Amino acid sequence: MRDSEPWSRGWGDAVAPAGTDRTRCIQRHSVPGVFVVSHSSTGVFLPAPACRTGMDTWADLFDRAAEYETTVVEIRETLADRRERNDD
Amino acid sequence: MTEASPSRIVADADVLAADLLVGGVTREALDHVRRHSWLTLLASDQLLADTEAIVAELGGPDLAAAHRERLEAATERIEHPAGDHPALATAYHGGAAHLLSDDDSLRSPAAGLSIQPHADLSVRPPDAFARLFDPASLYGAVVGGEYPGPDRDPWA
């Protein structure tokens, strides 16, 4: 379904979709940590702000978080406890 | 206080943590924000610290640190006095028109009466935001012209 979303049409790998292999990121700028991704068919280099060394994409984070089972109620209680402690 | 803009949005720490750890309608709500570059998610250091603490307790410190790093890159930082409610203060000082929260107390009539004189702020649970979000009309009001559709991968 995500492949049919408008952001993906015609943009190639410019926005580094979920599962992008980080080894495909090629440092092209002198700014540390700023990378671009090569469009596989055209060779055009486009900025890929999410494709940085060391920072997970949202897709990576959601994958990692999927192993934890929690609920909105637990989250609410955890936040309420923390803010109550901070108020004391 | 910055004048409130409908393009500026705050999600309370419980919503940011539920986006990561639960998904569902909360993730749908924040996906709306992530997939439009003309919408801005705001956060203060206190709000990020609350979120990191929740995720650390329920998902571990490594995941919490990685999530915070991603949030820091995805949000505009807002400063507010220590001791203020992090989400409300971020919305107030950052000129947000929308606050996503599962905290019933923030959506009570009493809370509304205390918030509205100071900030033009709509407090909604994420499921309501996800259901009512209308990008075409919002784009017309914020940017102007015909809505071109989403312009970002929400999970990048």
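Residues numbered from 1 in each chain as written. Chains lettered and ligands numbered in written order. Predicted model: local features only at pLDDT ≥ 70, side-chain atom pairs only at ≥ 80, totals over all residues.

Before going further, it helps to spend a moment on the overall build of chain B. Summing up its helical and strand segments, chain B has 8 helices and 5 strands in all. By the compact-globule yardstick of 15 Å for 156 residues, chain B fits well, its C-alpha radius of gyration being 15 Å. Dimensions of chain B, computed from the C-alpha atoms along their principal axes, are close to 45 × 35 × 25 Å. Intrachain contacts of chain B at a sequence separation of at least 6 include 78% that bridge at least 24 residues. (Helix = DSSP H or I, 4+ residues; strand = E, 2+ residues; numbered from the N terminus. Rg over C-alpha atoms; globule rule 2.2 N^0.38 Å. Contact = placed C-beta atoms within 7 Å.)

Within chain A, the secondary structure is distributed over 2 helices and 3 strands. Scanning chain A from its N terminus toward the C terminus, one meets helices and strands in the order β-β-β-α-α. Here chain A holds 88 residues, and 24% of them are scored as buried. For chain A, contacts bridging at least 24 residues in sequence account for 36% of all contacts bridging at least 6. (Buried ≥ 20, exposed ≤ 12 C-beta atoms within 10 Å, placed from the backbone.)

Once that is clear, we can look at the sheet that holds strand S5 (residues 122-124) of chain B. Hydrogen bonds along the backbone pair up the strands of a sheet, which may run parallel or antiparallel. All names here are of chain B. Spatially, the 5 strands line up as an open sheet ordered S3-S2-S1-S4-S5, and their pairing is parallel. One side of each edge strand has no neighbouring strand; the edge strands of this open sheet are strand S3 (75-77) and S5. On average, each strand axis in the sheet is inclined to that of its neighbour by 35 degrees, with strand direction left out of account. Inspection of the sheet shows strand S1 (residues 5-11) paired to strand S2 (residues 40-43) by 3 bridges, in the parallel sense. Opposite Val-10, over in S2, you have Leu-42 as the bridge partner. Docked against the sheet, helix H5 (residues 86-94) engages S1, S2 and strand S4 (96-100), running at close to 160 degrees with respect to S1. (Pairing = 2+ DSSP bridges. Axes fitted to C-alpha atoms, helices over the stretch in contact; angles between N-to-C directions.)

Let us look at the packing of helix H3 (residues 45-59) of chain B against helix H4 (residues 61-74) of chain B. Residue and element names in this part refer to chain B. Across the interface, H3 lies against H4 with an axial gap of 7 Å and an inter-helix angle of 150 degrees. Taken together, the axis directions place H3 and H4 in an arrangement best described as roughly antiparallel. Judged by the sense of rotation from one axis to the other, the crossing of H3 with H4 is right-handed. Taking contact as the criterion, the partners of Leu-48, Thr-51, Glu-52, Val-55, Ala-56 and Gly-59 in H3 are, on H4, Pro-61, Leu-63, Ala-64, His-67, Arg-68, Leu-71 and Glu-72. Split into classes, the residues belonging to the contact of H3 with H4 amount to 7 nonpolar, 3 polar and 3 charged. (Parallel < 35°, antiparallel > 145°, perpendicular 65-115°, else oblique. Left-handed = near helix turned anticlockwise from the far one by under 90°. Nonpolar A, V, L, I, M, F, W, Y, C, P; charged D, E, K, R; others polar.)

Topologically, A:Tyr68 is positioned in the loop between helix H1 (58-65) and helix H2 (72-87). Those residues in contact with A:Tyr68, other than ones at most four positions away along the chain, are B:Leu21, B:Leu58 and B:Gly59.

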